[in-house]
Amino acid sequence: MLNRNLAEGLRTADRLQRDASRLVEESARLAAELVEQRREMGRLHDRLYRSEGRRAAREEELRRAYETAERADRAKARFLSAASHDLRQPIQAAALYTHILRGAVDANPTAREAADLLQASIDSLSGMLSGLLDLARLEAGAVDVAVTEFRPDALMRRLAQEFRESAVAEGTSLHVHPCGEAVRTDARLLERILTHLLSNAVRHGGGNGHRVLLGCRRRPAALEFQVWDDGRGIPPDARAAIFEEFHQLDNPERSAAKGFGLGLPLVARMARLLGLTLDLRSEVGRGTVFTVTVPRATLLPEPDRRLTAAARAMAAVATSATATATATASPTERMKGRRVLLVEDDERVRHAMTMLLKRWGVRVTAIGSAEELADRLPRLRSRPHVVLADHRLPRGQTGRTVAELVRRRWDVPVIIITGDTAPERLREARSIGCRLLHKPVEPGDLAAALDDVMEG
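Reading the values: rules and limits
- Residues numbered from 1 in each chain as written.
- Predicted model: local features only at pLDDT ≥ 70, side-chain atom pairs only at ≥ 80, totals over all residues.
- Heavy atoms only, no water.
- Helix = DSSP H or I, 4+ residues; strand = E, 2+ residues; numbered from the N terminus.
- Buried < 20%, exposed > 50% of the residue type's maximum accessible area, 1.4 Å probe, protein only.
- Contact = heavy atoms within 4.5 Å.
- Areas by Shrake-Rupley, 256 points an atom, 1.4 Å probe, with all protein chains shown as cover.
- Pairing = 2+ DSSP bridges.
- Axes fitted to C-alpha atoms, helices over the stretch in contact; angles between N-to-C directions.
- 1 Å grid on protein atoms, 1.4 Å probe; cavity = no way out; pocket = protein on both sides within 12 Å on 5 of 7 lines; lining within 4 Å.
- Points joined across faces, edges and corners; volume = space filled by probe spheres on them.
- Nonpolar A, V, L, I, M, F, W, Y, C, P; charged D, E, K, R; others polar.
- Parallel < 35°, antiparallel > 145°, perpendicular 65-115°, else oblique.
- Left-handed = near helix turned anticlockwise from the far one by under 90°.
- Expected span 1.5 Å × (residues − 1).
- Polar contact = N/O pair within 3.5 Å; in protein donor to acceptor, adjacent residues only side chain to side chain.
- pLDDT = per-residue confidence, 0-100.
- Salt bridge = Lys/Arg side-chain N within 4 Å of Asp/Glu carboxyl O.
- Core = buried A, V, L, I, M, F, W, Y, C linked by side-chain atoms within 4.5 Å.
- Patch = residues over 30% accessible without salt bridge, like charges linked within 9 Å, V, L, I, M, F, W, Y side chains within 5 Å.

This paragraph deals with the overall build of the protein chain. Scanning the protein chain from terminus to terminus reveals twelve helices and twelve strands. Classification of the 456 residues of the protein chain by burial places 37% in the buried group. Sequence separation of at least 24 residues holds for 72% of the intrachain contacts in the protein chain that already meet a minimum separation of 6. By element, 55% of the accessible surface of the protein chain is carried by carbon and sulfur atoms, the whole surface being about 26,100 Å².

Put into structure tokens, the structure is as follows:
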């Protein structure tokens with residue numbers, strides 16, 4: 001019995017030893033695999049680290065590129081604002097003096113021709129600066145949108161009439177085809193879109209017997225306003241670039257008579273603001289068509305056709321009387337005897353503005369700075385009907401300073417005039433309840449603004 005138990009113990013020990021050996025071997029194998037796995041993990045970590053480094057480097061490059069682009073954009077905005085302001089000051093004075101000169105040389109044909117040429121040059125510069133101003137307004141989101149339902153037929157006919165003379169001068173025939181339907185959008189901005197497209201077509205549509213068409217096509221839920229020309233067309237590789245500022249295809253000499261390359265960029269921005277679709281189709285040698293798709297609206301009520309002949313006659317007489325009264329009482333005549341307080345630091349502009357206002361029969365108190373205004377204001381006996389103030393004044397003062405000074409004594413409308421196209425000016429003027437005009441201000445626009453605020 002003892003021997004058997006001893007033999008069984010030896011066999012059990014032998015099995016345990018073999019199992020232990022296998023466990024040792026398996027442990028060694030697992031240890032070797034673990035070491036290899038750790039090595040592989042180390043290699044993966046190294047590759048991941050290097051990949052993360054490359055990704056971080058790429059992100060840093062992108063960040064720097066973005067910051068560079070932002071700085072360039074801010075520098076562009078500052079340059080345009082400063083250049084526009086510095087140019088508008090002398091242009092404003094020249095425009096006012098030219099208007100006064102043209103009114104004084106009617107009897108002299110040579111002087112009249114020279115004054116007209118001078119006015120044309122000033123209008124060209126003013127047009128370019130106005131385009132820059134419109135771009136600044138759109139980029140700032142400072143353009144008011146008033147969506148209404150209206151029939152665009154009268155608008156289309158009026159535009160065709162306005163452009164017919166310039167089309168004839170270019171040797172182009174201009175046609176218009178309204179469609180009688182109503183649309184829902186901002187009428188003023190739609191008119192500006194079509195104005196730029198027509199101007200572009202008339203200038204670049206070919207001339208010498210070519211045709212330009214302003215038309216309208218019905219679609220199930222929209223109207224397509226189309227401006228066609230049968231001119232030289234636009235190459236495919238240039239169709240994106242024409243919507244960039246100052247880009248022109250056929251004006252290498254940069255002739256101002258052909259525009260400045262701002263019309264189509266403005267069209268694209270205004271269409272985007274209104275949520276309208278703008279399309280372009282063109283074939284080289286055959287022509288181009290620009291299409292603006294506008295939502296249709298419920299048909300507007302037609303005029304009441306049940307009016308009697310007597311009622312129609314009475315309405316015609318009333319309309320004629322109103323038109324006659326409006327024609328005989330122009331803004332400049334209505335402002336005779338009114339008082340204007342003018343605050344302008346530029347001596348040339350101040351002098352020209354004073355001359356122009358006095359020619360209109362306006363009583364002018366002209367002041368050159370906010371400090372001078374603060375000194376003289378307590379001694380002014382008569383309340384002005386309106387204040388005209390330049391935005392940039394000496395020693396950091398602004399048109400806002402003028403408005404605040406005057407309104408401490410009188411509740412009076414204030415018109416701020418500025419050559420600065422920075423979008424902040426638009427928002428600032430609105431925030432303090434002031435009208436904003438941009439230099440160079442046309443005499444007619446100035447008269448209309450003065451008449452408006454004084455009547456209001």
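Glancing now at unusual backbone geometry. Look at R395: it is not a glycine, yet its phi comes out positive at around 55°. Within the secondary structure, R395 is located in the loop between β10 (386-390) and α10 (399-407). The exposed category is assigned to R395, whose relative accessible area is 63%.

Quick look at the environment of L437 now. Relative to the elements of secondary structure, L437 occurs in strand β12 (residues 435-438). Considering only alpha carbons, one finds L437 and L426, eleven residues apart in sequence, at a separation of 9.5 Å. Setting aside residues no more than four positions away along its own chain, L437 makes contact with I415, I416, I417, T418, L446 and A449.

What follows deals with the sheet that holds β10. Judged by pairing direction, the sheet is parallel, and its five strands sit side by side in the order β9-β8-β10-β11-β12 without closing on themselves. Each edge of the sheet is formed by a strand with only one pairing partner; in this case those strands are β9 (363-367) and β12. On average, each strand axis in the sheet is tilted by 20° relative to the strand beside it, whichever way the strands run. Strand direction decides the pairing type here: β10 and strand β11 (residues 414-418), joined by four bridges, are parallel. Note that in β11 the partner of A389 across the bridge is I416. Helix-sheet contacts for helix α8 (residues 347-359) involve β8 (339-343), β9, β10 and β11, and the interaxial angle to β9 is about 170°. Against the sheet, α10 makes contact with β8, β10 and β11, and its axis sits at roughly 150° relative to β10, the strand it touches most.

On to empty space enclosed by the protein. Applying the stated criterion across every chain, the model contains one cavity of 30 Å³ or more. Together, H391, R400, I416, R425, E428, A429, I432 and L436 line the largest cavity. Counting residues per element, the lining of the largest cavity draws most heavily on helix α11 (residues 423-431), which supplies three residues. Broken down by class, the residue content of the lining of the largest cavity amounts to four nonpolar, one polar and three charged.

Orientation of helix α4 (residues 187-204) relative to helix α5 (residues 263-274), taken along the N-to-C sense of each, is 155°, at an axis distance of 9 Å. Here α4 is positioned roughly antiparallel relative to α5, judged by the angle of their axes. Taken as a pair, α4 and α5 cross one another with a handedness that is left-handed. Residue-level contacts link L189, L190, R192, I193, H196, L197 and N200 of α4 to G263, L264, L266, V267, M270, A271, L273 and L274 of α5.

The residue R407 is located in helix α10 in this model. Judged by its relative accessible area of 31%, R407 falls in the partly exposed class. Apart from residues lying up to four places away in sequence, R407 is in contact with V412, V414, I432, G433 and C434.

Turning next to α8. The end-to-end C-alpha separation of α8 is 18 Å, in line with the 18 Å expected for 13 residues at 1.5 Å each. Taken together, the buried positions of α8 are V349, A352, M353, T354, L356 and L357. Of the residues flanking the start of α8, the one acting as N-cap is D346, its side-chain oxygen 3.0 Å from the backbone nitrogen of R348. Phi turns positive one or two residues past the end of α8, at G361, with a value near 85°.

Looking now at the confidence of the model for the protein chain. In this model, the protein chain carries a mean pLDDT of 77, and residues with pLDDT of at least 70 account for 71%. Of the regions scoring below 50 in pLDDT, residues 251-257 engages in eight contacts with residues more than four places distant in sequence or in other chains. Low confidence marks residues 314-327, where pLDDT is under 50. Its contacts with residues over four positions away, or in another chain, come to zero contacts.

Let us now look at the pattern of salt bridges. Counting across every chain of the model gives 18 salt bridges. Notably, a salt bridge pairs E60 with R63, separated by 2.4 Å at the nearest N-O pair. A residue pair is termed a helical-turn pair when its members lie 3 or 4 positions apart in one helix, as E60 and R63 do in helix α1 (residues 2-104) at three residues. Judged by its relative accessible area of 40%, R63 falls in the partly exposed class.

What follows is about the nonpolar core. Generally speaking, a soluble globular protein has its nonpolar side chains buried in company with each other. Ranked by internal contacts, the top residues of the largest apolar core, which has 37 residues, are I193, L197, L198 and F225. Secondary-structure elements contributing two or more residues to this core are α3 (153-169), α4, β4 (210-218), β5 (222-229), α5 and β7 (287-295). For this core, the leading source of residues is α4, giving eight residues. Among all residues touching I193, those that are not within four sequence positions of it are V267, M270, A271, L274, L276 and V292. Ranked by size, the runner-up nonpolar core spans 24 residues in total, among them M353, A449, L450 and V453.

On to a nonpolar patch on the surface. There is a patch of nonpolar side chains on the surface, built from V145, V147 and L273 and spanning about 220 Å² of accessible area. Its relative accessible area of 39% is what places V145 among the partly exposed residues.

For the pair α3 and α4, interaxial distance at closest approach is 11 Å and the crossing angle is 30°. The angle between α3 and α4 falls in the class roughly parallel. Crossing hand, α3 versus α4: right-handed. Contact residues: α3 offers L155, R158, L159, F163, S166 and A167, while α4 offers A187, E191, L194, T195, L198, S199 and V202.

It is worth spelling out the sheet that holds strand β2 (residues 172-177) at this point. Pairing in this open sheet of five strands is mixed, and the strands run β2-β4-β5-β7-β6 from one edge to the other. The open sheet has two free edges, formed respectively by β2 and β6 (277-283), since each of these has just one partner strand. Averaged over neighbouring strand pairs, the angle between their axes works out to 15° when direction is ignored. With eight bridges connecting them, β5 and β7 associate as antiparallel partners.

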